[in-house]
Amino acid sequence: WAQKKNIFLMGHSEGGWAVAQSRYAEFAGVIISGATCTNRVNPAYDGIYVPPNIPLLAMASIDDEWYVNKPSIKGNCADKAMNRNFFRQIDIPGSVHPTFGSSIARDAVKNFLIDHNINDFLVSNVDLNSSFIVVFSFLILSILLSISDI
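These numbers come from a predicted model, not from an experiment.

Q: I'd love a proper account of helix α1 (residues 14-21), names of residues and values included.
A: In terms of burial, α1 is largely enclosed, as seven of its eight residues are buried. For α1, every residue scored as buried is listed here: Gly-15, Gly-16, Trp-17, Ala-18, Val-19, Ala-20 and Gln-21.

Shown next, in the form of structure tokens:
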């Protein structure tokens, strides 16, 4: 079963870019991980296309190793989050690309899910590590969305 109004979309790395490009308004919230929402070479991938009324959490390492020496994609989703009802950028210290190892990231995801669930879905009672694994399973969904016409 699934509560349709409590489905969140999350993507990491290329999945994060796919999520930033999503124009679907059906999600309770969107989480972009390990992506900068910035592409100075290809304007079609520069920015956040998620509808502005959808809560959005973005997180990445401050000195992400994947974006070193790549000025065309170096940036921050906060720079692209104009006029959003809810937006939060989490800047994780360090250079590690995967965010799942960071307790800062795990706490941010958990709090985001709690803050934006509808009908008080019991996210707060879920173990942090297992809930983060479940959330990261949305990476597969975001990859599928990136393959389809989003």
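Next comes the rest of the description.
Q: Explain the state of the cysteines residue by residue, including any values.
A: Evaluated as defined, the whole model comprises one disulfide. A sulfur-sulfur separation of 2.0 Å characterises the disulfide bridge that pairs Cys-37 with Cys-77. One disulfide, between Cys-37 and Cys-77, carries an S-S torsion of 75° and so falls in the right-handed class. Of this pair, Cys-37 sits in the loop between β2 (29-33) and β3 (56-61) while Cys-77 sits in the loop between β3 and β4 (87-92); the two residues are 40 residues apart in sequence, bridging distant segments of the chain.

Q: Can you tell me about the nonpolar core, naming the residues and giving the values?
A: A general feature of soluble globular proteins is that nonpolar side chains tend to end up buried together. The biggest cluster of nonpolar side chains holds 18 residues, and the ones touching the most others in it are Val-30, Ile-32, Cys-37, Ile-48, Val-50, Leu-56 and Cys-77. Counting residues per element, the ones that place at least two in this core are α1, β2 and β3. Cys-37 has contacts with Trp-17, Ala-20, Ile-32, Tyr-45, Asp-46, Gly-47, Ile-48, Cys-77 and Lys-80, leaving out every residue within four places of it along the chain.

Q: Break down the pattern of salt bridges for me, with residues and values.
A: A side chain with one charge may pair with a side chain of the opposite charge, provided their charged atoms come close. Here the structure, examined in full by the defined rule, presents one salt bridge. The closest approach of N and O atoms between Asp-46 and Lys-80, which form a salt bridge, is 3.1 Å. Here the residue Asp-46 occupies a position in the loop between β2 and β3, and Lys-80 occupies one in the loop between β3 and β4, the gap between them amounting to 34 residues. The exposure class of Asp-46 is partly exposed, given its relative accessible area of 24%.

Q: Would you mind going over the environment of Ser-33 in detail, with residue names and values included?
A: With respect to the helices and strands, the residue Ser-33 is situated in strand β2. As a C-alpha pair, Ser-33 and Phe-100 span 67 residues in sequence and 9.2 Å in three-dimensional space.

Q: Before we move on, could you go through the side chain of Ser-22 and cite the residues and values that matter?
A: Along the chain, Ser-22 turns up in the loop between α1 and β2. A polar contact of 3.3 Å, which involves the side chain of Ser-22, links it to the backbone nitrogen of Tyr-24.

Q: Give me the lowdown on the sheet that holds strand β1 (residues 8-12), citing residues and values where you can.
A: Across the sheet, which stays open at both edges, the four strands sit in the order β1-β2-β3-β4 with parallel pairing between neighbours. Each of the sheet's edge strands pairs with one partner strand only, and the pair in question is β1 and β4. Geometrically, the sheet is characterised by an average inter-axis angle of 10° between neighbouring strands, direction not taken into account. Across five bridges, β1 lies against β2 in parallel orientation. Residue pairing in the sheet places Leu-9 in a bridge with Val-30 of β2. Strand contacts of α1: β1 and β2, with the helix running at about 140° to β1, the strand carrying the most contacts.

Rules used in this analysis
Residues numbered from 1 in each chain as written. Predicted model: local features only at pLDDT ≥ 70, side-chain atom pairs only at ≥ 80, totals over all residues. Heavy atoms only, no water. Buried < 20%, exposed > 50% of the residue type's maximum accessible area, 1.4 Å probe, protein only. Helix = DSSP H or I, 4+ residues; strand = E, 2+ residues; numbered from the N terminus. Disulfide = S-S within 2.5 Å. Core = buried A, V, L, I, M, F, W, Y, C linked by side-chain atoms within 4.5 Å. Contact = heavy atoms within 4.5 Å. Salt bridge = Lys/Arg side-chain N within 4 Å of Asp/Glu carboxyl O. Polar contact = N/O pair within 3.5 Å; in protein donor to acceptor, adjacent residues only side chain to side chain. Pairing = 2+ DSSP bridges. Axes fitted to C-alpha atoms, helices over the stretch in contact; angles between N-to-C directions.

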